[in-house]
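Spelled out from the first residue to the last, the chains are:
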Amino acid sequence: MACTVLVPTILLDKMQSETISYQMPTQSLPGLKWSDHIADLVELSDFLGSRDIQTKNTRIERYIQYLTELIAKGTKNESLVFKNSADARFKSSFDWLLYVLREIHELMWILKGLKAHIPAGLDGKLSVLVSGSDFAALDSNTHSRNVQFELRIASYFCQADCKVDLTTETDIIALSEEYAFFVECKRVASMSQLQRRLAEAAKQLHRRMPRNQDGRIAYGCIAADVTKVAFTHNGLTFAQTNEHSRDVIQKKLNSIASSTMKMPLFSAGQNILQYWLQIHIPSLIIHPPTTITRFSSCSIHNPKIEGKGWSALKMLHDISEIGNKRDEREVPPRTLTLRTGLTLPKGTGFRIVDEEVLRELLESGQVTGRKKDLVSRIYGQILVPEAFLT
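Residues numbered from 1 in each chain as written. Predicted model: local features only at pLDDT ≥ 70, side-chain atom pairs only at ≥ 80, totals over all residues. Heavy atoms only, no water.

**Considerations on the environment of Ser 320**
Inference 1: Considering the arrangement of structural elements, one finds Ser 320 in helix H11 (residues 309-320).
Inference 2: Separated by 163 residues in the primary sequence, Ser 320 and Phe 157 have C-alpha atoms spaced 8.4 Å apart. (Helix = DSSP H or I, 4+ residues; strand = E, 2+ residues; numbered from the N terminus.)

Given below as structure tokens:
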């Protein structure tokens, strides 16, 4: 059985839509238990406390409280836990859950790196990280999230057994046995910013990166979080299947990469290996009903690489692939039984969602004016039972 999805124009940057079919899943997605999430947050809190960084009355404590209450009660009043956080994007329990998981999963990834290697200069970064607001989507002061992104990227190198230094002007210096990787990290909020921020990072590397560092050839890498470029609402994504969710984000990434490749990225003498674009966003999947957080990447390689640069690039690629390793605690997939029919209550009505409304919803996260009367929320469906509309 296949699931047919109408992919709107905003995903393809074309004035047309196309239909794509995905196989209905036969297995559930692997994932961690809520207790594992809480255990990691508690471990992170204890780690911070051991370094005299308090988490009381911070977002770390609130994430733990939220998940603990979720497990204990099943029902919750999120606005009492995350005071002054609610806005138009927080309408349902699914919204709260996805936004919380986005934050938790990034912190869990950072913790995984810290358990492998403690970077130099870590404590100052952690103090800034803890001070941030509860949700990136509502963070008006970007400093905390900028540091969190640096620690997210540093975690890849920590897990790859590199010696990581966060004390210099360069955001990250990571030493492997053979190479020194100088990494500049940028969070980009719009397409109009992209060229300026990437050019700024390249100039910083050109100014700060030596030819050799501690007996190793030095190579540069520019990591850019382009989540808000791809999804201006900086919110959530919705998809029919896991594969659909992956493709929605990858198409956005590929579109951004295509535009980026038209920019003057690589200049002689800079020794920059690649631009590493990332999108970090939560997704609600319909089949099977699942919440996930995606860290999707796309790399633009320097076409002028020579000699040992190829070996260094391969190592950088292997480091970026560390994110694909399975967590040993994951609950394995279980076999699903596909329904052969659907029973609906007597009197259930259906409405076809206007394609213009769907396009606006996916692009901005909301609909305006008279369209609010047509639909207020769509979780991937084109044909939506009235009972599902809120």
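**Brief notes about the nonpolar core**
Inference 1: Residues Tyr 66, Ile 153, Phe 157, Val 164, Ile 172, Phe 181 and Val 183 are the most contacted members of the largest nonpolar core, which totals 66 residues.
Inference 2: The biggest single contributor to this core is helix H5 (residues 93-116), with 13 residues. (Core = buried A, V, L, I, M, F, W, Y, C linked by side-chain atoms within 4.5 Å. Buried < 20%, exposed > 50% of the residue type's maximum accessible area, 1.4 Å probe, protein only.)

**Structural notes on helix H8 (residues 191-208)**
Inference 1: Its 18 residues place the ends of H8 26 Å apart at the C-alpha level, agreeing with the 26 Å of an ideal helix rising 1.5 Å per residue.
Inference 2: Within the sequence span of H8, burial applies to Leu 194, Arg 197, Leu 198, Ala 201, Ala 202, Gln 204 and Leu 205. Buried positions in H8, seen along its axis, are confined to an arc of 160° and lie on one side of it. Facing away from the buried side of H8 by more than 90 degrees, the exposed set consists of Ser 192, Lys 203 and Arg 207.
Inference 3: Considering only its buried residues, H8 is in contact with strand S5 (179-187), strand S7 (216-225), helix H10 (242-260) and strand S9 (272-285). (Expected span 1.5 Å × (residues − 1). Arc of directions from axis to C-beta. Contact = heavy atoms within 4.5 Å.)

**A short note on the packing of aromatic side chains**
Inference 1: This structure, assessed with the given rule, holds twelve aromatic pairs.
Inference 2: Ring centres 6.2 Å apart and planes at 65° place the aromatic pair Tyr 99 and Phe 135 in the edge-to-face group. With Tyr 99 in helix H5 and Phe 135 in the loop between helix H6 (122-130) and helix H7 (143-159), this residue pair connects regions lying 36 residues apart in the sequence. Each member of the pair Tyr 99 and Phe 135 is classed as buried.
Inference 3: Here the aromatic rings of Tyr 156 and Trp 276 are separated by 5.0 Å at their centres, their planes lie at 70°, and the arrangement is edge-to-face. Here Tyr 156, found in helix H7, pairs with Trp 276, found in strand S9; they are 120 residues apart in sequence, far enough to count as distant. Here Tyr 156 matches Trp 276 in class, with each residue buried.
Inference 4: Counting every residue linked through ring pairs, the aromatic cluster contains Tyr 63, Tyr 66, Phe 82, Trp 96, Tyr 99 and Phe 135. (Phe/Tyr/Trp six-rings, centres within 6.5 Å; stacked < 30°, edge-to-face > 60°.)

**Structural notes on the packing of helix H2 (residues 34-50) against H5**
Inference 1: Following both chains from N to C, one finds H2 and H5 inclined at 55°, their axes separated by 10 Å at the closest point. Between H2 and H5, the angle is such that the two are oblique. Note on packing geometry: the crossing formed by H2 with H5 is left-handed. Where H2 approaches H5, its residues Trp 34, Asp 36, His 37, Asp 40, Leu 41, Glu 43, Leu 44 and Phe 47 are matched on the opposing element by Leu 97, Leu 101, Ile 104, His 105, Leu 107, Met 108, Leu 111, Leu 114 and Lys 115.
Inference 2: Grouping the constituent residues of the contact of H2 with H5 by class yields eleven nonpolar, two polar and four charged. (Axes fitted to C-alpha atoms, helices over the stretch in contact; angles between N-to-C directions. Parallel < 35°, antiparallel > 145°, perpendicular 65-115°, else oblique. Left-handed = near helix turned anticlockwise from the far one by under 90°. Nonpolar A, V, L, I, M, F, W, Y, C, P; charged D, E, K, R; others polar.)

**Looking at the packing of H2 against helix H3 (residues 59-73)**
Inference 1: Relative orientation of the contacting elements H2 and H3 amounts to 155°, with a least axis distance of 10 Å. One finds that H2 runs roughly antiparallel with respect to H3. For the pair H2 and H3, the sense of crossing is left-handed. In this structure, H2 contributes Trp 34, Ser 35, His 37, Ile 38, Leu 41, Val 42, Leu 44 and Ser 45 to the contact, and H3 contributes Ile 60, Tyr 63, Ile 64, Leu 67, Thr 68, Leu 70 and Ile 71.
Inference 2: When grouped by side-chain class, the residues that make up the contact of H2 with H3 number eleven nonpolar, four polar and no charged.

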